[in-house]
Amino acid sequence: MTILYRKVIQMTTHLKIGRLDADELAKKLTTPLYVYDARRVEENYLTINSAIFYEPKQIHYAIMCNNRLQILKVLLNLGADIQVNSVKEYRLVKSIGSSNAKISVTTTNISTDDLSFYAENQAQINFDSIEEISCYGQLIKQSSTVINHTIGIRISVPMEITDQSATNQPHPTKARVGINSKQFDLVKEAAKKYNLKINGIHGYIASNLIDLVPFIKLGSYLVECAKKFPDLEYINFGTGFGIDFDWLAYGQMVTPLMRSISTFFGRPIHLKIEPGRSLVGDAGILLTRVTNIKDMGNWTQVGVDAGFGVFARPYIYGWQKGQGGYHPVVVANKIDQPPKGLYTICGNSTLQGDFIAEDRLLPEIEIGDLIAILNAGAYGAVMLSGFPGMRRAGEVLIYDDTIEVISETER
Ligand SMILES: Cc1ncc(COP(=O)(O)O)c(C=O)c1O
């Protein structure tokens, strides 16, 4: 259900989201509550778009990190393209009027049924294996309606990730995603057999990266690989860009690479990326109330009304500084108060590992205070499991002083 409220509140002691007071919002809509700031999403998109000054380019928003239609619309209005993982996501994006030219399908282990769906819908897929390509080839051979005979391939990128905060990194000995460069001849053979044109290549390393170096290595690697595909129209450099990524440096790095490959082919090659977290991560805040304070002897546990089933990132990726699931937290109703002590924020489940933030220096915390978990816009609400037996968090989108309710907090 969507309800629109309009209110402007002037308070300086409380965290503001858009032009609204976070504590007022949490009181009105109850917690746990995900709040997304539409303006921040816009700023993030415009920052990326202007920093990458190479043209032609496409910024495909990876909707897996936050697939709420309200967020999608903000990005589509700015001209963003979309990356999807599944037929379900593809249908969702199509349902709000996106065209195939704007949608990139990048995933693995696609079923024959789904391949058939993509083929009939003329979708552009970055294929993860020769087997998938052959299956797709057979499907379109039997079809009289499929007209798209172009395919992209997802390339396996040989790179060791040392960054402790990386998420979704490859298995150290069984990297399972992508096609190895040693198989390029076989890929070409399979494509030729079914009259398919390999018009794009794709590479991805890991997520939540801040250091530019892996992206430089990936960029050079993909450009070298690209030269082996004469029908090339695009290089998709994937994603993995963390919050606060240095987009200006990225733009400076990737532009000459793209110019060199365009010169090589004698035509403009499209640059594509698939950012998720860097577009919406810092636009989202999870508001959660303090329900208990427990003296643990040498540390203080602050219990809140959100935990693993509402926000899983800290549990999955590690909540400590430098780990992938580290999130800054603030006391939203005491934003102007000085730090008083070290607090450890924990969820309200029976899970022993239900930690959200450990030993954070914060103002004095009391029951009823409002904790704001920052950078929760990506891989937050979409990973809501409700386990074990937790209430669903609500979600709202703020546009300056306007609140659009995406879903209400379960009561
Ligand atoms: C192929 C692909 N594209 C896009 C994304 C989105 O990643 P991020 O949120 O790091 O930008 C992922 C994340 O797993 C991915 O695997």
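Residues numbered from 1 in each chain as written. Predicted model: local features only at pLDDT ≥ 70, side-chain atom pairs only at ≥ 80, totals over all residues. Heavy atoms only, no water.

**A look at the overall build of the protein chain**
Next up, step 1: Each helix and strand counted, the protein chain has eleven helices and 20 strands in total.
Next up, step 2: The C-alpha radius of gyration of the protein chain comes to 23 Å, within 12% of the 22 Å expected for a compact globule of 411 residues.
Next up, step 3: Principal-axis analysis of the C-alpha atoms gives the protein chain an extent of 70 × 45 × 40 Å.
Next up, step 4: A total of 411 residues make up the protein chain; the buried ones form 57% of that total.
Next up, step 5: Pairs at least 24 apart in sequence give 72% of the contacts found in the protein chain among residues at least 6 apart.
Next up, step 6: The distance from the centre of the 41 positive side-chain charges to the centre of the 42 negative ones in the protein chain is 4 Å. (Helix = DSSP H or I, 4+ residues; strand = E, 2+ residues; numbered from the N terminus. Rg over C-alpha atoms; globule rule 2.2 N^0.38 Å. Buried < 20%, exposed > 50% of the residue type's maximum accessible area, 1.4 Å probe, protein only. Contact = heavy atoms within 4.5 Å. Lys, Arg positive; Asp, Glu negative; His and termini not counted. Charge placed at Lys NZ, Arg CZ, Asp CG, Glu CD.)

**Quick word on the site of the ligand**
Next up, step 1: With respect to spatial proximity, 15 residues lie near the ligand, and among them Ser207, Thr239, Glu274, Gly276 and Tyr379 are the closest.
Next up, step 2: Between the ligand and the protein, one listed contact pairs a nitrogen atom with a side-chain N or O atom of Glu274 at 2.7 Å.
Next up, step 3: Between Arg277 and the ligand, the recorded distance is 2.9 Å, taken from a backbone N or O atom to an oxygen atom.
Next up, step 4: A molecule is said to occupy a pocket when more than half its atoms come within 2 Å of that pocket's grid points, and by this definition the ligand occupies the largest pocket. (Near = heavy atom within 4 Å. Polar contact = N/O pair within 3.5 Å; in protein donor to acceptor, adjacent residues only side chain to side chain. 1 Å grid on protein atoms, 1.4 Å probe; cavity = no way out; pocket = protein on both sides within 12 Å on 5 of 7 lines; lining within 4 Å. Sits in = over half its atoms within 2 Å of the grid points.)

**Let's talk about the pairing of strand β19 (residues 394-399)**
Next up, step 1: The buried fraction of β19 is high, at five of six residues.
Next up, step 2: Here five bridges tie strand β4 (residues 33-37) to β19, and the two strands are oriented parallel to one another. Bridging from a neighbouring strand, Val35 pairs with Val396 of β19.
Next up, step 3: The pairing of β19 with strand β20 (residues 402-407) spans five bridges and is classified as antiparallel. Bridging across to β20, Glu395 finds its partner in Ser407.
Next up, step 4: What sits between β19 and β20 in their antiparallel hairpin is a turn of two residues, with Asp400 showing a positive phi close to 60 degrees. (Pairing = 2+ DSSP bridges.)

**Comments concerning the pattern of salt bridges**
Next up, step 1: In total, this model carries 16 salt bridges according to the counting rule given.
Next up, step 2: Look at the salt bridges and you will find they share partners, linking Arg19, Arg39, Glu42, Asp400 and Asp401 into a network. (Salt bridge = Lys/Arg side-chain N within 4 Å of Asp/Glu carboxyl O.)

**Let's talk about the sheet that holds strand β7 (residues 103-106)**
Next up, step 1: Strand order around the closed barrel formed by eight strands is β5-β6-β7-β8-β9-β10-β11-β12, with parallel pairing between neighbours. The average angle at which neighbouring strand axes cross in this sheet is 30 degrees, direction not considered.
Next up, step 2: Of the strand pairs in this sheet, strand β11 (residues 234-236) and strand β12 (residues 270-273) are connected by three bridges, and their pairing is parallel. Looking at β12, one finds that Ile235 is bridged to Leu271.
Next up, step 3: The sheet strands contacting helix α4 (residues 87-95) are β6 (81-84) and β7, and the helix crosses β6 at an angle near 155 degrees. (Axes fitted to C-alpha atoms, helices over the stretch in contact; angles between N-to-C directions.)

**Description of helix α1 (residues 22-29)**
Next up, step 1: Along α1, the residues classified as buried are Ala22, Asp23, Leu25, Ala26 and Leu29. Projected onto a plane normal to the axis of α1, the buried residues spread over an arc of 160 degrees and lie on a single side.
Next up, step 2: Where α1 begins, the side chain of Asp21 points an oxygen toward the backbone nitrogen of Asp23, at a separation of 2.8 Å.
Next up, step 3: Positive backbone phi, approximately 65 degrees, marks Thr30, located one or two places after α1. (Arc of directions from axis to C-beta.)

**A short note on unusual backbone geometry**
Next up, step 1: Look at the link from Thr31 to Pro32: it is a cis peptide, with omega at 0 degrees.
Next up, step 2: Put simply, Phe387 and Pro388 share a cis peptide bond, and its omega is -10 degrees.
Next up, step 3: Mapped onto the elements, Pro388 comes out in the loop between β18 (370-373) and β19.
Next up, step 4: Residue Asp359 is not a glycine yet carries a positive backbone phi of 50 degrees.
Next up, step 5: When you line up the elements, Asp359 lands in strand β17 (residues 355-362).

This is a description of form; function is not addressed.
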